[in-house]
Amino acid sequence: MKKKILNIAFLAIVFGLTLWSVFRGENLNQVMSLLITANPFYVAVSVGCVVLFIACEAVIIFYLIHTLGSKIQFSHCCLYSFIGFFYSCITPSASGGQPMQIVTMRKDKIPVAVSTVVLAIVTIMYKTVLVLIGVAVLIWRPTKLMSYLKPVEALIYFGLFLNVICVAILLLLVFHPRAFKVIAEKLLSVMNRIRPFKNPEKQEERIERITSQYKGTAEYFKSHNHVIIKVFFMSVIQRFLLFAVTWFTYKAFHLSGESFMVIIILQAMISVATDMLPLPGGMGICENMFLDIFLPIFGSTLVLPGMLLSRGISYYTQLIICGIMTIVAFLVIKEQKREKGE
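Owing to the predicted nature of the structure, the values given are computational and were not obtained by experimental measurement.

Enquirer: Where do I start with helix α13 (residues 260-274) in this structure?
Expert: For the α-helix, the turn length of 3.6 residues means that residues three or four positions removed from each other point alike. Counted at 1.5 Å a residue, the expected span for α13 with its 15 residues is 21 Å, and the 22 Å between its end C-alpha atoms agrees. Most of α13 is tucked away: 13 of the 15 residues are buried.

Spelled out as structure tokens, the structure:
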């Protein structure tokens, strides 16, 4: 309970600081009057993109579970997706989504061995898409894109580094669990010397549990190459659906002159920079990066309303939708258990 209160307090503080950093010195009446001018059709399309983004993960989970021989209703996969994104939105580095999905799947009689393999593949593909976009842009360095990204280039390099480390750890965990275990235990030993743990044995047990859980994922990768390729392309579509919210925001304000791909990739680079930062949903950093990157595209008058609409739909609307559906998911599972007399 104490941990939950601290998490809520941290979220509230970060949200408050975000509002302060974004709105200080701004004319709120003018911003609101500009927001009202947004084309409702493009706003609705943007919300649709968010819903499809969430649904894409449900499709991937449904597909992977069935390739493992387990049967599950697609509607339940949608609930897993809502739960995952809700907890990812409110926890630093999106760390809370996958554990809650595993807990929910277990309540739905899906073995941990199955859910772990499925969610490991989902996470690896989801992160890999982002890493490949970031690496491609920073190696290719197209002049137009780099001119927009110049104010935040250092942060993008740092974010890409963190994402590469994350993917590397996941791949090490999947394909070389013994090496992962050795490295993790050495790091644990160093951390224990710097700041002794109250219960170091518990941390060692946690490493052992994580290593054993991912045991079946390597075998799956080797025996289901065609499935992995399909999931990768599904993940590309999923990622681009969320990035497209910024494009439709651009159109909603009756703007033109910049291409679809430029705006999509710029939004992708914001995700590259912020995806692994220890802030819920990259709150604060995402908003300010948008203002820096998209100032030349939206213009000084519309960049703040543009950020509020784009971010409001891609993150805050997603948070609200997933929060409501998470409550529905828990009620559905509770009702099912009651009907089965559990």
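Enquirer: How do you make sense of the confidence of the model for the protein when you look at a structure like this?
Expert: Atomic detail in the predicted coordinates should be set aside for any region of low pLDDT. Taken residue by residue, the protein gives an average pLDDT of 86. The fraction at 70 or more is 93%. Model confidence for the protein, summarised as mean pLDDT per element, is weakest for helix α10 (residues 200-213) at 71 and strongest for α13 at 95.

Enquirer: Looking at this structure, I do not really get the environment of Tyr250. What am I missing?
Expert: If you trace the backbone, Tyr250 turns up in helix α12 (residues 225-252). Taking relative accessible area as the criterion, Tyr250 reaches 1% and is therefore assigned buried. On a C-alpha basis, the gap between Tyr250 and Ile297 in space is 8.7 Å, while along the polypeptide they are 47 residues apart. Here Tyr250 is in contact with Leu255, Ser256, Gly257, Glu258, Ile263, Ile297 and Phe298, once residues within four sequence places are set aside.

Enquirer: Is there a simple way to think about unusual backbone geometry in this case?
Expert: Glycine aside, the phi torsion of most residues is negative, and most peptide linkages are trans. The residue Arg141 is not glycine, and still its phi comes out positive at about 50°. Locating Arg141 in the fold gives a position in the loop between α6 (112-140) and α7 (143-149). Looking at Arg141, the relative accessible area reads 37%, which means it is partly exposed.

Enquirer: Is there a simple way to think about the nonpolar core in this case?
Expert: Across soluble globular proteins, nonpolar side chains have a tendency to be buried as a group. By size, the foremost hydrophobic cluster in this structure holds 110 residues, and its most contacted members are Phe294 and Phe298. Sort the elements by how many residues they give to this core and α6 lands first, with 16 residues.

Enquirer: Hey, could you run me through the state of the cysteines in this one?
Expert: One pass over the structure, following the stated rule, counts 0 disulfides. Cysteine Cys322 is unpaired, with the sulfur of Cys89 as its nearest cysteine sulfur at 6.1 Å. According to the relative accessible area criterion, Cys322 is buried, its value standing at 0%.

Enquirer: Can you help me understand the packing of aromatic side chains in this one?
Expert: How two aromatic rings sit relative to each other is given by the distance of their centres and the angle of their planes. Going through the model one piece at a time under the given rule, you end up with 16 aromatic pairs. Relative to Phe85, the ring of Phe53 has its centre 4.8 Å away and its plane inclined at 40°; by these criteria the two rings are tilted. Of this pair, Phe53 sits in helix α3 (residues 40-67) while Phe85 sits in helix α4 (residues 74-90), and the two are 32 residues apart along the sequence. Classification of Phe53 by relative accessible area gives buried; the value is 1%. One aromatic cluster in this structure is built from Trp247, Tyr250, Phe260, Phe290, Phe294 and Phe298. Here the basic side chain of Arg239 rests over the ring of Tyr126, its NZ or CZ set 3.5 Å away from the ring centre. One cation-aromatic arrangement involves Arg311 over Tyr315; the distance from NZ or CZ to the ring centre is 4.3 Å.

Enquirer: Any chance you could explain the pattern of salt bridges here in plain terms?
Expert: Pairing of side chains with opposite charge becomes possible as their charged atoms draw close. Overall, the coordinates contain 5 salt bridges when judged by the stated rule. For the salt bridge of Asp275 with Lys127, the shortest nitrogen-to-oxygen distance reads 2.6 Å. Separated by 148 residues along the polypeptide, Asp275 in the loop between α13 and α14 (285-293) and Lys127 in helix α6 bring together distant segments of the chain. Note on accessibility: Asp275 and Lys127 belong to one class, buried. A salt bridge links Arg239 to Asp275, with the nearest nitrogen and oxygen atoms 3.8 Å apart. Of this pair, Arg239 sits in helix α12 while Asp275 sits in the loop between α13 and α14, placing them 36 residues apart in sequence. The exposure class of Arg239 is buried, given its relative accessible area of 3%. By sharing partners, the salt bridges in this structure join Lys127, Arg239 and Asp275 into a single network.

About the cut-offs
- Residues numbered from 1 in each chain as written.
- Predicted model: local features only at pLDDT ≥ 70, side-chain atom pairs only at ≥ 80, totals over all residues.
- Heavy atoms only, no water.
- Helix = DSSP H or I, 4+ residues; strand = E, 2+ residues; numbered from the N terminus.
- Expected span 1.5 Å × (residues − 1).
- Buried < 20%, exposed > 50% of the residue type's maximum accessible area, 1.4 Å probe, protein only.
- pLDDT = per-residue confidence, 0-100.
- Contact = heavy atoms within 4.5 Å.
- Core = buried A, V, L, I, M, F, W, Y, C linked by side-chain atoms within 4.5 Å.
- Disulfide = S-S within 2.5 Å.
- Phe/Tyr/Trp six-rings, centres within 6.5 Å; stacked < 30°, edge-to-face > 60°.
- Lys NZ or Arg CZ within 6 Å of the ring centre and 35° of its normal.
- Salt bridge = Lys/Arg side-chain N within 4 Å of Asp/Glu carboxyl O.

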